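This is what each chain is made of:
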Amino acid sequence: METSTQTLLFAAELIEENGTYALVVQDVRRGTVQTTPVPKAMVDKLPTFLSALTAKLNPVPPRRRW
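About the criteria used
Residues numbered from 1 in each chain as written. Predicted model: local features only at pLDDT ≥ 70, side-chain atom pairs only at ≥ 80, totals over all residues. Heavy atoms only, no water. Helix = DSSP H or I, 4+ residues; strand = E, 2+ residues; numbered from the N terminus. Rg over C-alpha atoms; globule rule 2.2 N^0.38 Å. Buried < 20%, exposed > 50% of the residue type's maximum accessible area, 1.4 Å probe, protein only. Contact = heavy atoms within 4.5 Å. Areas by Shrake-Rupley, 256 points an atom, 1.4 Å probe, with all protein chains shown as cover. Lys, Arg positive; Asp, Glu negative; His and termini not counted. Charge placed at Lys NZ, Arg CZ, Asp CG, Glu CD. Pairing = 2+ DSSP bridges. Expected span 1.5 Å × (residues − 1). Bend = angle between axes of the 7 residues up to and from the residue. Axes fitted to C-alpha atoms, helices over the stretch in contact; angles between N-to-C directions.

Colleague: Please provide a residue-by-residue account of the overall build of the chain, values included.
Modeller: Assigned secondary structure in the chain consists of 1 helix and 3 strands. Secondary structure elements in the chain, listed N-terminal to C-terminal, are β-β-β-α. Compactness check: the chain gives a C-alpha radius of gyration of 18 Å against a globular reference of 11 Å for 66 residues, more than 25% above the reference. Overall, the C-alpha framework of the chain stretches about 55 × 35 × 15 Å when taken along its three principal axes. Burial statistics for the chain: of 66 residues in total, 8% are counted as buried. Considering only contacts within the chain whose residues lie at least 6 apart along the sequence, 6% involve residues at least 24 apart. Roughly 6,700 Å² of accessible area belongs to the chain as shown, and the carbon and sulfur atoms make up 57% of that amount. Of the side chains in the chain, 8 bear a positive and 6 a negative charge, and the two mean positions are spaced by 19 Å.

Colleague: Could you give an account of the pairing of strand β1 (residues 10–17), naming the residues involved and the relevant values?
Modeller: Of the pairings in the sheet, the one linking β1 to strand β2 (residues 20–27) comprises 8 bridges and is antiparallel in character. Residue Ile15 lies in a different strand from β2, and its bridge partner there is Ala22. The hairpin turn running from β1 into β2, its antiparallel successor, is 2 residues long, and Asn18 in that turn takes a positive phi close to 55 degrees.

Colleague: Please provide a residue-by-residue account of unusual backbone geometry, values included.
Modeller: One non-glycine residue, Asn18, adopts positive backbone phi at about 55 degrees. Using a relative accessible area of 74% as the deciding quantity, one classes Asn18 as exposed.

Colleague: So what's going on with the pairing of strand β3 (residues 32–38)? Residues and values would help.
Modeller: Examined bridge by bridge, β2 and β3 share 7 bridges and lie antiparallel to one another. Looking at β3, one finds that Leu23 is bridged to Thr36.

Colleague: Report on helix α1 (residues 40–57), specifying residues and quantitative values.
Modeller: Here α1 contains 18 residues, and its C-alpha end-to-end distance of 26 Å stays within 8% of the 26 Å for a straight helix at 1.5 Å per residue. Approximately 45 degrees is the largest bend angle found in α1, and it occurs at Leu46, with the proline Pro47 only one to four residues beyond.

Colleague: Can you tell me about the sheet that holds β1, naming the residues and giving the values?
Modeller: In a beta sheet, neighbouring strands pair by backbone hydrogen bonds and run either parallel or antiparallel. One open sheet holds the 3 strands; their spatial order is β1-β2-β3, and the pairing between them is antiparallel. For this open sheet the edge positions go to β1 and β3, each flanked by a neighbour on one side alone. Neighbour-to-neighbour, the strand axes of the sheet open up by a mean angle of 20 degrees, direction not taken into account. Sheet strands touched by α1: β1, β2 and β3. Its angle to β3, the strand with the most contacts, is close to 105 degrees.

What follows is the structure, encoded as structure tokens:
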């Protein structure tokens, strides 16, 4: 039986403070952290972006006709 090992490469958090948003990304292998401000409009679109990314990376195979 083959076992798999998961290795955390990056960790990300989206933080809201007093109405402003920041994306914090930690590069676990290098031990670095980058923070960048994110406009609220982008935060609002995040679920749509993630759905589109999921659909692109995991496309549903077309249905076969009988």
